[in-house]
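# Notes for the structure review
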Amino acid sequence: MSSSAVIHSPPSSLSPVHPLGSRARVLLTSVFGPYAQRDEHGSRPDKPMELYHSQVTRTQEAFSLRMFHRSWGLMLIHANINAPCTLLDFPTLDRFVEEITTHHYDIVGISAITPNFVKVRKMCELIRQHLPKATIVVGGHVANVPQIEKRISADHIVKGEGVSWMRRFLGEDPDQPIRHPHIVSGVGGRTMGMRLSEKRGDVAATLIPSVGCPLGCNFCATSAMFGGKGSVVHFYRTGDELFKVMCELEAAMGVRSFFVMDENFLLHRQRTLRLLNLMIEHDKSWALYVFSSANVLRSYSIEQIVGLGISWVWMGLEGENSRYTKLHGTDTIQLIRTLQAHGVRVLGSSIIGLEEHTPDNIDAVIDFAVNHDTEFHQFMLYSASPGTPLYKELQASGALSCDFPEADLHGQFKFNFKHPHIHDGKETEFLLRAFQRDFEVNGPSVVRIARTVLQGWQRYKNHPDLRIRNRFAWEARDLPVTFAAALWAARSWFQDQPILAARISRVLKDIYDEFGAKARLAAPLAGRYVRFMLDREDRRLRRGQAYEPPCFYDLNEAALASK
């Protein structure tokens, strides 16, 4: 049957039950690659499928942290439906076409962020051509694109949390307990030309307790996606539920660290403190990497933070004197110094282009951010993502750029609105200036990480609680060899920049003083090899080569049983 002969119902956010119910064959897929290049499908060189390199370590060149993150939302749905389900993650266009031409599917679900709208449209066209009877479901941030229902050929546009929607669509109980998938937080990690270890247990497991953020900053697309200010969807409401899941992940994946994908994990205080009590009771030396607003973080004692194993925190700094209540009354620089003194690495996030920013004060804005000297620093343009309060506000005032391409709406290029003070695309240079100044002043993130991990080890190596000592010993395990070699190579790289070279030398000397002959021998021996790999990586990147993620193909239990 040709696609033109098929009648499709209007897209809907409601969820009728599919005629086949749980017997329907489901394909879930992310958008196709390649990603880090300019093409007719909306790919951009400044929009690789690498969160850290594109938004955090963007100008650190060969020192940049490179890694990929799986499509966690799709993995969550994949693990929580009873219908036979295939997950195709990071396919090429040819691989996607191969999948829909060689296999029959009753439902095809596509998840994407707004900049990948054109790819979603292309995929819908291909599904109509090759699987004309299939029901097409589109979700993720792209669901908030204005008039998306009229611009792509999809049957259902799903806004918000997708597990319960898909369960309803398949006639399954939407309220049954969530089965947490086994997700390795990062794939293909590398820096300085060196591959990061992916041995079992070395990479954190991703843990998803909740989605949405009740604080609801006006620019936050994630908060808007899950209902906006005051809204949050809990998968695990209690500390007991969360602890049980973490124990399961620990046993199945051999991990002792967790990347907690929750927009403001510590905000849910009762759950968090119950988790702490259970960790103490069961002697768990886990490390947690969390997102937290400054004021919420400040509401915990340092003993509680250390006891929870918080060793990395992503914190919104936004900008000096910003209007966001999550920062009111907090000296963020002092807070970060305190955290670092206790071994907690910080990823600070600052906005370039707030309403009060001007060409005259932008250097002061950047200096304020850089002075935090966080281990990582994300800089984003003030962007009005579809569905956010900021988008609606600017749309109502007439300041929104109505013809702004979705492919460029990723916060790393230009404003999609008329800024009151910054014009003519100057924001692009201001953003790059922020990244570059942070790198020039504070050096590579790998040096900053070594400094803070060492501080934590020195403070807690003799702590009376064995549980605490064990965690810091585990985190410091790479200091005497791996980090010593990396710092030796970094100092060699920056030998013509005496201030930065001296900064690196101080951290390296502290490692020598702490670990003695082992570090002093390893640094120059292994460091020469790291320097060779660093030079090679630099040449590779200067030739314009980019990294692309591998394709993943996963079948759930029902799909395996139907083979």
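Notes on the structure in this doc start here. As the structure is a computational prediction, the values presented were derived from the model and not from experiment.

How each quantity is defined
Sequence positions are assigned chain by chain, starting from 1 and proceeding in written order. Note on the predicted model: pLDDT of at least 70 is required for a residue's local features to be given, and 80 or more for side-chain atom pairs to be given and counted; whole-chain, interface and lining totals, by contrast, use all residues. Here the side-chain values reflect all heavy atoms present in the structure, with hydrogen atoms and water set aside. The pocket and cavity definitions rest on a 1 Å grid over protein atoms only: a 1.4 Å probe that fits but cannot leave marks a cavity, an open set with protein on both sides within 12 Å along at least five of seven lines marks a pocket, and residues lining either have an atom within 4 Å of a point. Grid points are joined across faces, edges and corners, and a volume is the space filled by probe spheres set on the points. Only DSSP runs of H or I covering at least 4 residues are called helices, and only runs of E covering at least 2 are called strands; the numbering of each starts at the N terminus. Note on residue categories: nonpolar means Ala, Val, Leu, Ile, Met, Phe, Trp, Tyr, Cys or Pro, charged means Asp, Glu, Lys or Arg, and polar means any other residue, Gly included. Centre distance within 6.5 Å is the pairing criterion for rings of Phe, Tyr and Trp, where only the six-membered ring of Trp is used; planes under 30 degrees apart are then read as stacked, over 60 as edge-to-face, and the remainder as tilted. The buried label goes to any residue with under 20% of its type's maximum accessible area, the exposed label to any with over 50%, and the partly exposed label to all in between, with areas taken from a 1.4 Å probe on protein chains only. Lysine NZ or arginine CZ positioned within 6 Å of the ring centre and within 35 degrees of the ring normal marks a charge as sitting over the ring. One requirement defines pairing of two strands: DSSP has to find at least two bridges between them. To obtain each axis, a line is fitted to C-alpha atoms, and for helices this fit is confined to the stretch in contact; angles are then taken between N-to-C directions over 0 to 180 degrees. Pairs of N or O atoms within 3.5 Å make up the polar contacts considered here, provided that, within protein, one atom can donate a hydrogen while the other can accept it, and that residues adjacent in sequence are counted only when both atoms are side-chain atoms. Residue contacts are counted whenever heavy atoms from the two residues lie within 4.5 Å of one another.

Further remarks concern the layout of surface pockets. The space that makes up the largest pocket amounts to roughly 1200 Å³. Residue lining of the largest pocket: 41 residues in total, with Leu-65, Leu-196, Asp-202, Asp-478 and Phe-483 positioned closest to the centre. Broken down by secondary-structure element, the contributors of at least two residues to the lining of the largest pocket are β7 (187-191), β8 (194-195), β12 (257-260), α16 (445-460), α17 (466-475), α18 (479-493) and α20 (517-542). Among the elements that line the lining of the largest pocket, the one with the most residues is α18, at five residues. Of the residues in the lining of the largest pocket, the class split is 24 nonpolar, 10 polar and seven charged.

What follows covers the packing of aromatic side chains. Evaluated as defined, the whole model comprises 23 aromatic pairs. Look at Tyr-460 and Phe-472: their rings are 4.6 Å apart centre to centre, the planes differ by 15 degrees, and that puts the pair in the stacked class. Taken together, the residues Tyr-460 in helix α16 and Phe-472 in helix α17 connect sequence positions 12 residues apart. Grouping residues by exposure puts Tyr-460 and Phe-472 together as buried. Here the aromatic cluster, defined as three or more aromatic residues joined through ring pairs, consists of Tyr-52, Trp-72, Phe-259, Tyr-289, Phe-291, Trp-312, Trp-314 and Phe-376. Arg-70 extends its terminal NZ or CZ atom over the ring of Phe-552, reaching a point 4.1 Å from the ring centre. One cation-aromatic arrangement involves Arg-477 over Trp-474; the distance from NZ or CZ to the ring centre is 4.2 Å.

Cis geometry is adopted by the peptide bond preceding Pro-34, which originates at Gly-33 and carries an omega value of 0 degrees. For Pro-34, the location among the structural elements is in the loop between β1 (26-30) and α1 (51-55). For Phe-90, which is not glycine, the phi dihedral falls at a positive 60 degrees. By the secondary structure assignment, Phe-90 is in the loop between β3 (85-89) and α3 (93-102). Here Phe-90 falls in the buried class, since its relative accessible area comes to 4%.

Moving on, we get to the sheet that holds strand β5 (residues 135-139). The six strands lie next to each other as β6-β5-β4-β1-β3-β17, forming an open sheet whose pairing is mixed. This sheet does not close on itself; its edge strands, each paired only once, are β6 (156-158) and β17 (552-555). Averaged over all pairs of adjacent strands, the angle between their axes in this sheet comes to 15 degrees, without regard to strand direction. Bridge analysis of β1 against strand β4 (residues 107-111) gives five bridges, and the strand direction is parallel. Across the sheet, the residue bridging to Ser-30 is Ser-111, located in β4.

The next point concerns the pairing of β3. Among the five residues of β3, five are classified as buried, and the element is accordingly described as predominantly covered. Residue alternation in β3 divides its side chains into two sets, Cys-85, Leu-87 and Asp-89 and Thr-86 and Leu-88, and both sets are buried. Bridging between β1 and β3 involves four bridges; their strand directions are parallel. Looking across to β3, one finds that Val-26 is bridged to Cys-85.

Our focus in this paragraph is the side chain of Asn-416. Its place among the elements puts Asn-416 in the loop between α14 (389-397) and α15 (426-442). The exposure class of Asn-416 is buried, given its relative accessible area of 3%. Within the structure, Asn-416 has its side chain in polar contact with the backbone oxygen of Ala-384 (distance 2.8 Å). With sequence-adjacent residues up to four places away left out, Asn-416 is seen in contact with Ser-383, Ala-384, Leu-400, Ser-401, Phe-404 and Leu-409.

Keep in mind that these numbers describe shape and distance, not what the molecule does.
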